[in-house]
Amino acid sequence: MCECVYSTAASMLLPVVLRVSGTRLLCARVPSALARPLSGSTQAQADPPPPGTPIPPPPSNRSSVITDFGVVEVAFSGKRFGDLLRAWVVLKLCGWPWLVHNSSRLLKLSNQILGTKITHFFLRQSFFGHFCGGETQQEIIPTINHLRAYGIGSIIDFAAEAPEEEANDDKKSSKEKALSPSEKTGIAEDVISARVFEYEGEQKCESYMSIFMEAIQSAAMQEKGFAAIKMTALGNPDLLEHISYVKHEIRRLFRKLDTDHPRGAPYLARRLTLDEMKDGLKSLGACCTDEQVESMFHRADLNKNGYVDYLEWTNFVTPQNPDTRVLFTRGLAGDTRFDIPALSDKQIRQMDNILNRLSRLAVEANRLGVRLMIDAEHAQFQPAIDQLTLDCQRKFNLERPIIFGTIQGYLRDSLGRVHVNIERARREGWKLGFKLVRGAYMVHERKRAKHLGYKDPVHATLQDTHDSYNRIAELFLRNLGKGGELMVATHNSTSVQLVTDWMEVCRMLLKKHMCV
């Protein structure tokens, strides 16, 4: 079994950074052609069982893959004393709330008193030196080579980020101009809870895409490298939020029309009959005739089995589809709860631009053998990000995973969405590729939910998040199928041990190695 552990890195202090990033990760796969194990062990050629094959629980005695996380001599064998001392100082400072909350002010003050040259020198020797691999492709090569010497892979991540609160007012919609950032989110303007790219026009998005392209080319310097991107760099975050709201309302409409299943039924268990669709749309005041409803139903029913399930519904009902446009923009005038907004022609063009940029990045990643990870972001953007990710996965993940989506285990709906992703990939014939994280935006999500009056999307307790994360990891391992890949991104030793135990069981069942 080959073992790959990735280093941790982040960047907050300099505006343009190519960072070597990630967490301690496990990349679990059931591939048709496996990576060469570091140990040089041989691999059997037996095909894996079909998705859904039961996996016995992990053995009570721990697997021999990871035996003791407390052996610091092994963990830090590649670090010099100076590196460890700097890490200790930096992490202690990062744990000081006063410094964290006032970091922006202190940075400005230092630039004014000491000058930018001295300030940046201090940052390079401290925070930047600890968290970041470099500012250019050439600067990160020594870091990548050093990590590689110890069997550690790298994720190349361009980190030119700006707080959402810094977006220019003239880039906002008229509705947003009436609200300050703190009024919109309930988060104080001097608190940075998470970061997104500032939208400065389509040309700026093109320049970000060019830098992402460089990150992909840098990742190609290592075998089967990873590059990470943020979707808010490729388009207008306001557009992503609008599309996400539209996707949410499309799901709600499906649930409203389905009268045969209780409110809490899983989406994959739901389905619509023609009569339900006719009666439901009529009761909501939809401006469409029975003939139009019948035409929509039969076009959506791809399996021709007499009903429309959730996957068929979400594939068919989109703002871009002229056959369903009647459902948008006051099409459901009798019930304002389902006033689904349409996309303007400009918004559709901008969405197409985002997908075009993402496709160009995917083409380059595929050409160079690099896996492209699309980071998760704020929940108000995530449905749109998931849809754009899905569009590219359908196109590029036919033979092997090139595009990786991201699942956030701390969100209440994550497990259900994983079930949907697994079934969609199985039905449509593409390879699963996902990164599993716990989540990084809890403060933002909870404050925004409280301010806007909707249910907190984050699990109530830390243990609930742990349980969700581990259940999702197990579900993926049970259903990856031939060629699927899961990146288990976590600092949590319990999750690492559970996943490696499950993978060891899978390895014995399949009589072949999996990439850890």
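Please read these numbers as outputs of a predicted model, since none were measured by experiment.

A. Spotlight on the overall build of the protein chain. Within the protein chain, the secondary structure is distributed over 20 helices and 12 strands. Relative to its 516 residues, the protein chain shows a buried fraction of 50%. For the protein chain, the share of sequence-separated contacts (at least 6 apart) that also reach a separation of at least 24 residues comes to 76%.

B. Spatial organisation of a negative patch on the surface. There is a patch of like negative charges on the surface, built from Asp275, Asp279, Asp290 and Glu291. Looking at the negative patch, the elements with two or more residues in it are helix H12 (274–283) and helix H13 (290–300).

C. Local environment of unusual backbone geometry. A positive phi angle, close to 50°, is found at Lys224, a residue other than glycine. Summarising the element assignment, Lys224 is placed in the loop between helix H10 (202–219) and strand S6 (226–229).

D. Structural detail: helix H19 (residues 462–479). Taking 1.5 Å per residue as the helical rise, H19 with its 18 residues ought to reach 26 Å, and the 26 Å between its terminal C-alpha atoms agrees with that figure. Taken residue by residue, H19 has Thr465, His466, Ser468, Tyr469, Asn470, Ile472, Ala473, Leu475, Phe476, Leu477 and Asn479 as its buried positions.

E. Layout of the packing of aromatic side chains. All chains considered together, the criterion is met by six aromatic pairs. Each member of the aromatic cluster is reached from another via a ring pair, and the members are Phe254, Tyr267, Tyr310 and Trp313. When the ring centre of Tyr307 is taken as reference, the NZ or CZ atom of Arg271 above it lies at 4.2 Å. Across the ring face of Tyr469, the terminal group of Arg438 is positioned such that the distance to the ring centre comes to 4.2 Å.

F. Structural detail: the confidence of the model for the protein chain. With 76% of its residues at a pLDDT of 70 or more, the protein chain shows a mean pLDDT of 78. Under a pLDDT of 50 for its full length, residues 1–51 has, in the predicted model, 186 contacts with residues more than four places off or in other chains.

G. Broad picture of the side chain of Thr500. Note on placement: Thr500 falls in helix H20 (residues 493–510). A polar atom in the side chain of Thr500 sits 2.9 Å from the backbone oxygen of Gln497.

H. Just a nonpolar patch on the surface, in detail. A cluster of nonpolar side chains, namely Trp96, Trp98, Leu106, Leu109, Ile113, Leu114 and Ile118, defines an oily patch on the protein surface of about 740 Å² accessible area. If you tally residues by element for the nonpolar patch, the top one is helix H4 (residues 103–113), at three residues. By secondary structure assignment, the location of Ile118 is in helix H5 (residues 116–125).

I. Molecular detail of the pattern of salt bridges. On inspection of all chains with the given rule, the structure shows 24 salt bridges. Here Glu249 ties to Arg252 by a salt bridge, and the two come within 3.1 Å at their closest N and O atoms. In this pair, Glu249 and Arg252 both sit in helix H11 (residues 237–257), three residues apart, roughly one turn of the helix. Owing to a relative accessible area of 23%, Arg252 belongs among the partly exposed residues under this scheme.

J. Structural view of the packing of H12 against H13. Contact geometry of H12 with H13 gives a least axis separation of 10 Å together with a crossing angle of 135°. When the axes of H12 and H13 are compared, the pair comes out oblique. Between H12 and H13 lies a crossing whose hand is right-handed. Contact with H12, carried on its side by Leu274, Met277, Lys278, Leu281 and Lys282, involves Asp290, Val293, Glu294, Met296, Phe297 and His298 of H13 and no other residues of that element.

K. Region of the structure containing the pairing of S6. Residues of S6 alternate between two faces, with Phe226 and Ala228 on one and Ala227 and Ile229 on the opposite face, all of them buried. Two elements, strand S3 (residues 155–158) and S6, share three bridges in a ladder whose sense is parallel. Residue pairing across strands places Ile156 opposite Ala227, the latter belonging to S6. In terms of strand pairing, S6 meets strand S9 (residues 371–374) through four bridges, oriented parallel.

L. A look at the environment of Ala489. Residue placement: Ala489 occurs in strand S12 (residues 485–489). Owing to a relative accessible area of 8%, Ala489 belongs among the buried residues under this scheme. Sequence separation between Ala489 and Arg438 is 51 residues, and the spatial gap between their C-alpha atoms is 8.0 Å.

Each value, and the rule that gives it
- Residues numbered from 1 in each chain as written.
- Predicted model: local features only at pLDDT ≥ 70, side-chain atom pairs only at ≥ 80, totals over all residues.
- Heavy atoms only, no water.
- Helix = DSSP H or I, 4+ residues; strand = E, 2+ residues; numbered from the N terminus.
- Buried < 20%, exposed > 50% of the residue type's maximum accessible area, 1.4 Å probe, protein only.
- Contact = heavy atoms within 4.5 Å.
- Patch = residues over 30% accessible without salt bridge, like charges linked within 9 Å, V, L, I, M, F, W, Y side chains within 5 Å.
- Areas by Shrake-Rupley, 256 points an atom, 1.4 Å probe, with all protein chains shown as cover.
- Salt bridge = Lys/Arg side-chain N within 4 Å of Asp/Glu carboxyl O.
- Lys, Arg positive; Asp, Glu negative; His and termini not counted.
- Charge placed at Lys NZ, Arg CZ, Asp CG, Glu CD.
- Expected span 1.5 Å × (residues − 1).
- Phe/Tyr/Trp six-rings, centres within 6.5 Å; stacked < 30°, edge-to-face > 60°.
- Lys NZ or Arg CZ within 6 Å of the ring centre and 35° of its normal.
- pLDDT = per-residue confidence, 0-100.
- Polar contact = N/O pair within 3.5 Å; in protein donor to acceptor, adjacent residues only side chain to side chain.
- Axes fitted to C-alpha atoms, helices over the stretch in contact; angles between N-to-C directions.
- Parallel < 35°, antiparallel > 145°, perpendicular 65-115°, else oblique.
- Left-handed = near helix turned anticlockwise from the far one by under 90°.
- Pairing = 2+ DSSP bridges.

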